[in-house]
Amino acid sequence: MMHSIKNYKLILASASPRRQQLMKDAGFTFEVRLKNIEEKYPQEIHLEKVPEYLSKVKASAFREELKADEVLITADTVVCIHDRILGKPADRKEAISMLRKLSGNRHLVVTGVSVTTRTEQLSFSSRTGVFFKHLSNEEIIFYVDTYKPFDKAGAYGIQEWIGYIGIERIEGSFYNVMGLPIQKLYETLRKLQFQ
């Protein structure tokens, strides 16, 4: 198992407990480093390119302070439906509204990841189609009030109750929907190791 790459130290720039857990479960040893970064993107950019663009924006905030032996991992996940991005809900009302939009529909989850050193950057996107059954109002309200998914794009976590009872199928990586396409990240880190 690859716990580290070459003589590099892995830095995960994410407060997401799900990303941190996925990294741990994949056997990586890493440090969490955080900054408050405004997630803005040009309006003309195609929706599916937004997460990769934002992963690069997040990386640029750390690049000057990266040491020669450090590899920075930054990521951003968005939920896209009907040519709109659903970000993190501001409150209960918005979370309920988002889940009503997702109910009975297919949506796309896109995660962009950047792997950055002082001298290079490898970036990629991963896409997963997610199919929700028709959710009843009671199911939506129960989920929002019980799980309070305000830190999640699209107001849901696939690994929580709503995923168990509501998702009929997915096309693509399950872990991408959790916020980090760990298999693609592993392969990207291997590329960096053997360059």
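What you are looking at is a predicted structure, and each value in this text was computed from that prediction instead of being measured.

Attention shifts here to the UniProt feature "site: Important for substrate specificity" (unreviewed entry) in the chain. Under the UniProt annotation, the feature "site: Important for substrate specificity" (unreviewed entry) is placed at Arg18, Thr77 and Gln159. Restricting the annotated residues just mentioned to those that line the largest pocket leaves Arg18, Thr77 and Gln159. Checked against the element boundaries, arginine 18 lands in helix H1 (residues 17-25). Aside from chain neighbours lying at most four places away, what touches arginine 18 is Asp151, Lys152, Gln159 and Met178. Looking at the element boundaries, glutamine 159 is found in the loop between helix H4 (137-147) and helix H5 (161-166). Classification of glutamine 159 by relative accessible area gives partly exposed; the value is 22%.

The subject of this paragraph is the nonpolar core. Grouped together as the largest cluster of nonpolar side chains are 41 residues, with contacts concentrated most on Met23, Tyr156 and Leu185. By size, the runner-up hydrophobic cluster in this structure holds 7 residues, among which are Ile45, Leu54, Val78 and Cys80.

It is worth spelling out the packing of aromatic side chains at this point. Under the criterion given, the structure shown has 4 aromatic pairs. With a centroid separation of 4.8 Å and 75° between ring planes, the pair formed by phenylalanine 142 and tryptophan 161 is classed as edge-to-face. Here the residue phenylalanine 142 occupies a position in helix H4, and tryptophan 161 occupies one in helix H5, the gap between them amounting to 19 residues. For tryptophan 161, a relative accessible area of 23% gives the class partly exposed. With a centroid separation of 5.2 Å and 25° between ring planes, the pair formed by tyrosine 143 and tyrosine 147 is classed as stacked. Of this pair, tyrosine 143 and tyrosine 147 both sit in helix H4, 4 residues apart, roughly one helical turn. Across from the ring centre of phenylalanine 62, 5.2 Å away, lies the NZ or CZ of lysine 35, which sits over that ring. Across from the ring centre of phenylalanine 131, 3.7 Å away, lies the NZ or CZ of arginine 169, which sits over that ring.

So, on to the layout of surface pockets. One way to see where empty space is left: roll a probe the size of a water molecule over the atoms. Reported here for the largest pocket is a volume of approximately 720 Å³. Lining the largest pocket we find 37 residues, and of these Arg19, Glu39, Lys58, Asp76 and Lys88 sit closest to its centre. Where the lining of the largest pocket is concerned, the elements lending two or more residues are H1, helix H2 (50-63), strand S3 (70-81), strand S4 (84-86) and helix H6 (174-178). Broken down by element, the residue count for the lining of the largest pocket peaks at 5 residues, all from S3. Across the lining of the largest pocket, the residue classes tally to 19 nonpolar, 8 polar and 10 charged.

Of note, histidine 82 is a non-glycine position whose phi angle comes to about 50°, a positive value. With respect to the helices and strands, histidine 82 occurs in the loop between S3 and S4. For histidine 82, a relative accessible area of 62% corresponds to the exposed category. Although it is not a glycine, aspartate 83 sits at a positive phi angle of roughly 60°. Checked against the element boundaries, aspartate 83 lands in the loop between S3 and S4.

Right, let's get into the environment of lysine 93. Following the sequence through the fold, lysine 93 ends up in helix H3 (residues 92-102). Look at lysine 93 and you get exposed, because its relative accessible area is 69%. In this structure, the C-alpha to C-alpha distance between lysine 93 and valine 144, residues 51 residues apart in sequence, is 9.3 Å.

In this section: the pattern of salt bridges. For the structure shown, the criterion picks out 15 salt bridges. A salt bridge links aspartate 145 to arginine 92, with the nearest nitrogen and oxygen atoms 2.6 Å apart. In this pair, aspartate 145 is assigned in helix H4 and arginine 92 in helix H3, connecting sequence segments 53 residues apart. Across the pair aspartate 151 and lysine 152 runs a salt bridge whose closest N-O atoms are separated by 3.2 Å. One network of salt bridges, in which partners are shared, links Lys9, Glu31, Arg33 and Glu70.

About the cut-offs
Residue indices follow the written sequence of each chain, beginning from 1 at its first position. Side-chain atom pairs in this predicted model are given and counted only at pLDDT of 80 or more, local residue features only at pLDDT of at least 70, and totals for whole chains, interfaces and linings cover all residues. Side-chain figures throughout are based on the complete set of non-hydrogen atoms in the structure, without hydrogens or water. UniProt positions are given in the numbering used here, feature names are shortened, and annotations may be inferred rather than shown by experiment. Two kinds of site are reported from a 1 Å grid over the protein atoms alone, namely cavities, where a 1.4 Å probe fits but cannot get out, and pockets, open sets with protein on both sides within 12 Å along at least five of seven lines, and residues are called lining when an atom falls within 4 Å of a point. Comment: elements are numbered from the N terminus, with helices defined as DSSP H or I runs of at least four residues and strands as E runs of at least two. In what follows, a contact means two residues having at least one pair of non-hydrogen atoms within 4.5 Å. Summary of the burial criterion: residues with accessible area below 20% of their type's maximum are buried, those above 50% are exposed, and those between are partly exposed, where the area comes from a 1.4 Å probe applied to protein chains only. Only buried Ala, Val, Leu, Ile, Met, Phe, Trp, Tyr and Cys residues count toward a nonpolar core, and they belong to the same one when joined by side-chain atoms within 4.5 Å. Classification of ring pairs uses Phe, Tyr and Trp, with its six-membered ring standing for Trp, and accepts pairs whose centres are within 6.5 Å; under 30 degrees between planes counts as stacked, over 60 as edge-to-face, and the remaining range as tilted. We count a charge as sitting over a ring when the NZ of a lysine or the CZ of an arginine lies within 6 Å of the ring centre and within 35 degrees of the ring normal. Grid points are joined across faces, edges and corners, and a volume is the space filled by probe spheres set on the points. Classes in brief: Ala, Val, Leu, Ile, Met, Phe, Trp, Tyr, Cys and Pro nonpolar; Asp, Glu, Lys and Arg charged; the others, Gly included, polar. Definition used for salt bridges: Asp or Glu carboxyl oxygen within 4 Å of a side-chain nitrogen of Lys or Arg.

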